[in-house]
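# Remarks on the overall topology
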Amino acid sequence: MKKNTEKWTALLMTAVMAAGLTGCGNAGAETQGAKQPAAEQDQTAQSDTGQEQQDAAAEAESGGAAGGKVSVVLATNWGEGDAKYDYFYPLFEKFQEEHRDTLDITLQTYSTEDYKTKIKTQTASGDLPDVFTYWGGGMMKDMVDAGLLLNVDDYFAASSEVSKEDFEDGAFEYYVSGDGNAYGIPLESTRGIFIANKALFEQYDLEYPKTYEELVKVSEVFRANDIIPLAIGSNGGTPSEFFFSELYNQYEGAADEIKALAAGGSFHTENAVRVAEVIVDMIDQGMLPADTMANGGWTGSLQLYTDQKAAMTYTYPWNFEFIPDEMQENSEIIPIPQLPGATVDSASMISGFTVYGLVINKQSFEDAAKHDAVLALCDFLASDELTQELTKSGMIPCRKVEVNTDEQKLIMQKTIEYAKDKKLVQVHYTTMPSADAITMMDSSLDELFIKAITPEEFTQKVQAVLDKNNE
């Protein structure tokens, strides 16, 4: 049978003009390819406090290793429990074996939140891993300001395996700093989708809601039958932050407001207050889980949906690995219902942006003893082979590669088809100018979702952080 292969250029073309996110694992796996203990995605990463791992890390930091090998540290959140692990780790082991005589790689994996904390601590001490996957935008700002990250033009100038032209136009925008230089290699793009359980809608003889008023009506039916209408909570700002942005983009001028944040624009806007008010109304209408914190996080919200306790949810491809085959078949991607007063047709757009990539420790790259080892590791991480393998996890690549769509999960095939004629829009996460502003937005959304603060207070709290940063 002929394979259905295609370059994903059309799907990616506008997404990369935006700029955002996730993962997991455990810490301190060593280069000998030892299997890591299992770790759930939202659990605390297992610490790398063992004496052997401390010694290995210290040795890697100095660039020395037994037998003349060069020691390097690779950090990521693609650990066990993350959707990418099963596709990344076998190829990583293969790379280790191919370079066993020259490289001694310490692989450190962490859960997402532990990873952010770890990198923040290492940024403060100036002691970052040699190579690591990370977010761009405001998440990398402190590292760039401290001069810790390599301008990727230096990497491309040295590499004979990877070039900047191998990536989609605009894919680097998320990693471009205020000085106009890019400090990350984009690996992953993404799309946000709103999905509905076909069987539940058919069971109660309901049509998919196209307007907010229709959403209210179908929610009444689902609630009466002990079904949660929308499996969307807020724990650490997920999935609420991205859902907030998706709603936000329905209003006039919203897309420009999101884009302007990166250059000092305001968050405390009429549109932001309006969307927050809609979310509060969703809570009052009983559309969301009763406990939005316990049922928040990407995993918690999705679980309600895959267990068929909820009729609809909002998710991203990094979660596709956790949607059972029967639920992929039973799920329909639909536009988010049009909100009151919204002027941008929700059926005409989909959120799409560069979400994750690879960054390089500048000092390590410029260290003559480590340079070739770091270069080889980066070539592997940005390679066609690894990129193509990672697409099987639901990753939309920023690199121009041919992908056998027949090997993709059904929900990914549906996403590709749905996104074909849609305008791609950004989310706040990708344009917030600092990590502390992102953190404030996330924690404030958690408060908004339990009605601990008002819509006005929510927008003011985030704006206060932006104002402080601009002083």
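Small disclaimer: the values here were computed from a predicted structure and weren't measured.

Right, let's get into the overall build of the protein. Broken down by element type, the protein carries 20 helices and 15 strands. With 471 residues in all, the protein has 58% of them scored as buried. Accessible surface, the protein as shown: approximately 18,600 Å² in total, 47% of it carbon and sulfur.

For helix α20 (residues 455–469), which comprises 15 residues, the first-to-last C-alpha distance of 22 Å matches the rise-based estimate of 21 Å (1.5 Å per residue) to within 8%. Within α20 the residues assigned to the buried category are P455, F458, T459, V462, Q463, V465 and L466. Down the axis of α20, the buried set is contained in an arc of 150 degrees. They therefore lie on one face. Buried residues in α20 make contact with α9 (240–248), α11 (270–284) and α19 (435–449).

Pairing within the open sheet is mixed, and its four strands lie in the order β7-β10-β6-β11. In the strand order of this sheet, the two ends are held by β7 (228–231) and β11 (331–333), each with one partner. Each adjacent strand pair in this sheet contributes to an overall mean axis angle of 20 degrees, direction not counted. Both β7 and strand β10 (residues 310–315) contribute to a ladder of three bridges, which runs parallel. Residue pairing for β10: A231 is matched across the bridge by T313. Packed onto the sheet, helix α17 (residues 410–419) meets β6 (193–197) and β11 and runs at close to 20 degrees relative to β11.

Turning to the pairing of strand β12 (residues 349–360), a few remarks are in order. Of all twelve residues that make up β12, twelve are buried, and the element is covered over most of its length. Taken together, the four bridges between strand β4 (residues 131–134) and β12 define a ladder with antiparallel strand orientation. Within the sheet, the bridge partner assigned to T133 lies in β12 and is L358. The pairing of β12 with strand β15 (residues 423–425) spans three bridges and is classified as parallel. In the strand pairing of β15, M349 is matched with K423.

This paragraph deals with the packing of aromatic side chains. Evaluation of the coordinates by the stated rule reveals 35 aromatic pairs. When the centroid spacing of 5.5 Å and the interplanar angle of 75 degrees are considered together, the rings of F244 and F458 count as edge-to-face. Residue F244 is located in helix α9, and its partner F458 is located in helix α20; the two are separated by 214 residues in the primary sequence. Judged by relative accessible area, F458 falls into the buried class, the value being 0%.

On to α19. Taking 1.5 Å as the rise per residue, α19 with 15 residues should run 21 Å; its terminal C-alpha atoms sit 21 Å apart, in good agreement. In this structure, the buried residues of α19 make contact with β8 (234–235), α9, α11, α18 (428–431) and α20. Two residues or fewer after α19 comes K451, characterised by a positive phi angle close to 60 degrees.

Let's shift gears to the nonpolar core. Counting 118 residues, the largest nonpolar core has F88, F132, Y155, I185, F244 and M282 as its most contacted members. Excluding anything up to four places from it in sequence, F132 contacts L74, A75, Y115, I119, M143, L149, G357, L358 and V359. Listed in part, the 19 residues of the second largest apolar core include A231, I323, I350 and A419.

It is worth spelling out empty space enclosed by the protein at this point. Taken as a whole, the largest cavity encloses approximately 100 Å³ of empty space. In this structure, the largest cavity is lined by 13 residues; those nearest its centre are E246, P335, I336, S346 and M349. Elements with a contribution of two residues or more to the lining of the largest cavity: β6 and β12. Of the residues assigned to the lining of the largest cavity, the class counts are nine nonpolar, three polar and one charged. The set of elements that each furnish at least two residues to the lining of the second largest cavity consists of α8 (212–224) and α9. Taken together, the residues of the lining of the second largest cavity sort by class into nine nonpolar, no polar and no charged.

Where like charges cluster on the molecular surface, the negative patch consists of D205, E207, E213 and E214. For E214, a relative accessible area of 35% corresponds to the partly exposed category.

Attention shifts here to the confidence of the model for the protein. Looking at the protein, the pLDDT average stands at 88 and 86% of residues meet or exceed 70. Low confidence marks residues 12–53, where pLDDT is under 50. Its contacts with residues over four positions away, or in another chain, come to 157 contacts.

Conventions used here
Residues numbered from 1 in each chain as written. Predicted model: local features only at pLDDT ≥ 70, side-chain atom pairs only at ≥ 80, totals over all residues. Heavy atoms only, no water. Helix = DSSP H or I, 4+ residues; strand = E, 2+ residues; numbered from the N terminus. Buried < 20%, exposed > 50% of the residue type's maximum accessible area, 1.4 Å probe, protein only. Areas by Shrake-Rupley, 256 points an atom, 1.4 Å probe, with all protein chains shown as cover. Expected span 1.5 Å × (residues − 1). Arc of directions from axis to C-beta. Contact = heavy atoms within 4.5 Å. Pairing = 2+ DSSP bridges. Axes fitted to C-alpha atoms, helices over the stretch in contact; angles between N-to-C directions. Phe/Tyr/Trp six-rings, centres within 6.5 Å; stacked < 30°, edge-to-face > 60°. Core = buried A, V, L, I, M, F, W, Y, C linked by side-chain atoms within 4.5 Å. 1 Å grid on protein atoms, 1.4 Å probe; cavity = no way out; pocket = protein on both sides within 12 Å on 5 of 7 lines; lining within 4 Å. Points joined across faces, edges and corners; volume = space filled by probe spheres on them. Nonpolar A, V, L, I, M, F, W, Y, C, P; charged D, E, K, R; others polar. Patch = residues over 30% accessible without salt bridge, like charges linked within 9 Å, V, L, I, M, F, W, Y side chains within 5 Å. Salt bridge = Lys/Arg side-chain N within 4 Å of Asp/Glu carboxyl O. Lys, Arg positive; Asp, Glu negative; His and termini not counted. Charge placed at Lys NZ, Arg CZ, Asp CG, Glu CD. pLDDT = per-residue confidence, 0-100.

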